[in-house]
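So the chains spell out like this:
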Amino acid sequence: MIRLEIIEGAAGAHVREFDEEIVNLGRAASNHLQIDNPYVSGEHGQIYISGERVYYCDLDSTNGSALRRDGQDSFFRSDKVEIRPGDQLLLGGEESGISLRLIGADLSDDLESTRTIVASRSVTQARELGDRLGGDSAAISVLFRLVRDLAESKSRTQILEQICKSLLEGWEPARMVCVYEVQGERLVPVVVRSIDGEEKTPAELPSAVRDKLEREKAAVLIELPGGKSAPGTGTGMLAPLLVRGALRGAIRVEVRVGAGSFGDRDLDLVTVFAAHAAKSLENIELVDALRASQARLADENKLLRTEANPHMEIVGEAPSMKAMLSQLERVIPTDTTVLVLGETGTGKELVARAIHQSGPRAEKLFVARNCGAIPENLLESELFGHVKGAFTGASENKRGVFDVADGGTVFLDEVGELPLSMQVKLLRVLQEGEIIPVGSAKGKHVNVRIVSATNRDLEKEVREGRFREDLYYRLNVFPVKVPALRERREDLGLLARHFMRKVGARLGRSNEEITDEAVLALQRYNWPGNVRELENEIERAGINAGPSEPVDVQHLSDRVLDAPENGAPAGEDGDETVIASTGTLKARLTEREKEIIRETLLHTEGNRTRAAEVLGISRQAFMKKISKYGIK
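What counts and how
- Residues numbered from 1 in each chain as written.
- Predicted model: local features only at pLDDT ≥ 70, side-chain atom pairs only at ≥ 80, totals over all residues.
- Heavy atoms only, no water.
- Core = buried A, V, L, I, M, F, W, Y, C linked by side-chain atoms within 4.5 Å.
- Buried < 20%, exposed > 50% of the residue type's maximum accessible area, 1.4 Å probe, protein only.
- Helix = DSSP H or I, 4+ residues; strand = E, 2+ residues; numbered from the N terminus.
- Expected span 1.5 Å × (residues − 1).
- Arc of directions from axis to C-beta.
- Contact = heavy atoms within 4.5 Å.
- Pairing = 2+ DSSP bridges.
- Axes fitted to C-alpha atoms, helices over the stretch in contact; angles between N-to-C directions.
- Parallel < 35°, antiparallel > 145°, perpendicular 65-115°, else oblique.
- Phe/Tyr/Trp six-rings, centres within 6.5 Å; stacked < 30°, edge-to-face > 60°.
- Salt bridge = Lys/Arg side-chain N within 4 Å of Asp/Glu carboxyl O.
- pLDDT = per-residue confidence, 0-100.
- Disulfide = S-S within 2.5 Å.

Colleague: Let's hear about the nonpolar core: which residues, and what values?
Modeller: Membership of the largest hydrophobic core comes to 37 residues, with the highest contact counts inside it found for I163, L167, W171, L241 and I251. Among the elements that take part in this core, helix α5 (residues 264-307) stands out by supplying 10 residues, more than any other.

Right under this line is the structure:
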């Protein structure tokens, strides 16, 4: 209960009592204390009890709040402050607002701290209490019956139900059992059972009781007052459910007035039982976490296998691509070390994943690391691991990439960036299959397939002394060259449509088409960023086109359309065609598109629906083009 003296200027003062633990203050009618004052916000603040203290919290009010204590004012907004009897709250400003003075506060639940606590037992000493009960065969028999059925519960809900059932059916003095659950800062009753079937749900436990259970970690035996129909006093017990030291709930057991009372032996028994029940809850939480983790890993594994399927991702019909795929077909079934060569953005990691996923180690891990992205002082630990205390900050043992991937494949991207000191240690792995973690004198044998990649000319690096020759020959057992995109222009249409399907799924596009004119424009760009740059270009064009329109020339970036012609699409004989017209590519393609539209309209005698069908686009898209170019 909270008692306030409300002072409203010349209107005088009056006292209000509130049964709630939280009293909302403000101008809105929904508040516990409605304050009809224009300087007070609709939801201005709240007074609440927490533990053995009372607090006021300003709810981001417009004019703020102030606390007056011993003649001193402290102004605040969107903050909380402890208030004591005699403190004065000023809401809405000192001159225009309202003043509240706290007279006092107490709790009103039948298990409040003002009741007489007859005895208490620490739940953390449940083992010692069990030993003490060991000499009482009757108590041990009861405890066995209580705990036996908890072990068979398969969920949190079943455990909470079983707690009530066990205590009522297996323990003669119990007449009412309630199980509370922590929900935020509250202890809320979730299951209640009584021997006479009257299962009236008790109120939430006051925050002071919650804080006491969490702070003292003890079960308590409390005197309960009788009513008119049952004079005298009875007893009740309250025991916390602690999981890894944190309060998860509480068990409340009562003997109604006139039906006997609990004693020290009963408190010992409930304390031990609560410890067993909490352990059952902990086990269920661990099992649920393990199941969730297994399900997540299974989903991730399925997703990774799907994404890594080489037949789904490696796209290309150009002669250079067919030659590369032919090489992969021969090397994939072996355990041979592969060096993937190619420019940045050509898809070297995709090739490495295909080697692993289609090879004999597909059931094991594929672990990729970019050698150029890891700081040199961390590289050795990242690849080979370290032992506790190997260097400052090494607080525990760490497994390296080669250890983690044991039995699988390690992909070392940008292997040409490795410093000479690391090249020696990598050579040891290739020659002897052994790693030595940083700080350890003991080696460990690992069995991994190594696939590496680089965009550097390693032969030149060897000649200039930046890369070890012996390591080069160990890595270069079977080189695979990934062609640059400009070397496989005939694949641009195939790749563009492949990326359109991917982009469509990601962006929720209903139209995954790309026009032939747009493909022609893509084929005339030189693609210094290779396939990665093409995928980004398609995604950008898909966004520009909107969800239902096919990607066309005008949706491509100016970088692609306005760049000088660095090449042309290859003809059937492999020769490059030469365009004699002048102007930028974008302007020339626009003029050509106008001509095609006019010619098609003449051919269909002005039938726009038929013209759209001939060009393979929707009537809506065709009408937009007519409007755009002003074609009559």
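Colleague: Give a description of helix α11 (residues 420-432) that names residues and reports values.
Modeller: With 13 residues, α11 extends 19 Å from end C-alpha to end C-alpha; this agrees with the ideal 18 Å at 1.5 Å per step. Every buried residue of α11 is listed here: M422, Q423, L426, L427, V429 and L430. Along the axis of α11, the buried residues cluster in a sector spanning 160 degrees; they form a single face. Each element contacted by the buried residues of α11 is listed here: α9 (376-384), α10 (401-404), β22 (409-413), β23 (434-435), β25 (449-454) and α13 (469-475). G433, located one to two residues past α11, shows a positive phi value of around 65 degrees.

Colleague: Can you break down the environment of L4 residue by residue, with the values?
Modeller: The residue L4 is located in strand β1 (residues 2-7) in this model. Spatially, the C-alpha atoms of L4 and E17 are 6.4 Å apart, while their sequence positions differ by 13 residues. The contact partners of L4, leaving out residues within four places of it in the chain, are H14, V15, R16, F18, I47, R101, L102 and I103.

Colleague: Quick one: what's the story with the sheet that holds β22, residue by residue and with numbers?
Modeller: Strand order in the open sheet formed by 5 strands is β19-β22-β25-β18-β26, with parallel pairing between adjacent strands. Sheet topology places β19 (366-370) and β26 (478-481) at the edges, where each strand pairs with a single neighbour. Geometrically, the sheet is characterised by an average inter-axis angle of 20 degrees between neighbouring strands, direction not taken into account. In this structure, β22 lies alongside β25, joined through 4 bridges in parallel fashion. Bridging from a neighbouring strand, L412 pairs with S452 of β25.

Colleague: With reference to specific residues and values, describe the packing of α9 against α11.
Modeller: Where α9 meets α11, the closest approach of the two axes is 11 Å, and the angle between their N-to-C directions is 10 degrees. Between α9 and α11, the interaxial angle falls into the category roughly parallel. Counted together, E376, L379, E380, L383 and F384 of α9 and S421, M422, K425, L426 and V429 of α11 form the full contact between these two elements.

Colleague: Give me the lowdown on the packing of aromatic side chains, citing residues and values where you can.
Modeller: Using the criterion set out here, one finds 5 aromatic pairs in the structure. Residues F384 and F402 carry aromatic rings whose centres are separated by 5.7 Å and whose planes lie at 20 degrees to one another, so their mutual orientation is stacked. Placement of the pair is F384 in helix α9 and F402 in helix α10, with a sequence separation of 18 residues. For the pair F384 and F402, one class covers both residues: buried. Seen from their ring centres, Y472 and Y473 are 5.3 Å apart, and the 55 degrees between their planes marks the pair as tilted. Y472 sits in the buried class, given a relative accessible area of 9%.

Colleague: Which residues make up the pattern of salt bridges, and what values do they have?
Modeller: Considering all chains together, one arrives at 39 salt bridges under this definition. The salt bridge partner of R248 is E285, with a shortest N-O separation of 2.9 Å. Here the residue R248 occupies a position in strand β17 (residues 246-255), and E285 occupies one in helix α5, the gap between them amounting to 37 residues. By relative accessible area, R248 is classed as partly exposed at 23%.

Colleague: How would you summarise the confidence of the model for the chain if you had to cite specific residues and measurements?
Modeller: On average, residues of the chain score 80 in pLDDT, and 84% of them are at 70 or above. Counted against residues more than four places away or in other chains, residues 226-232, with its pLDDT under 50, gives 8 contacts.

Colleague: Hey, could you go over the state of the cysteines for me, with residue numbers and the actual values?
Modeller: Across all of its chains, the model carries 0 disulfides by this definition. The structure places no disulfide on C164, whose sulfur is separated from the nearest cysteine sulfur, that of C178, by 6.8 Å. Using a relative accessible area of 0% as the deciding quantity, one classes C164 as buried.

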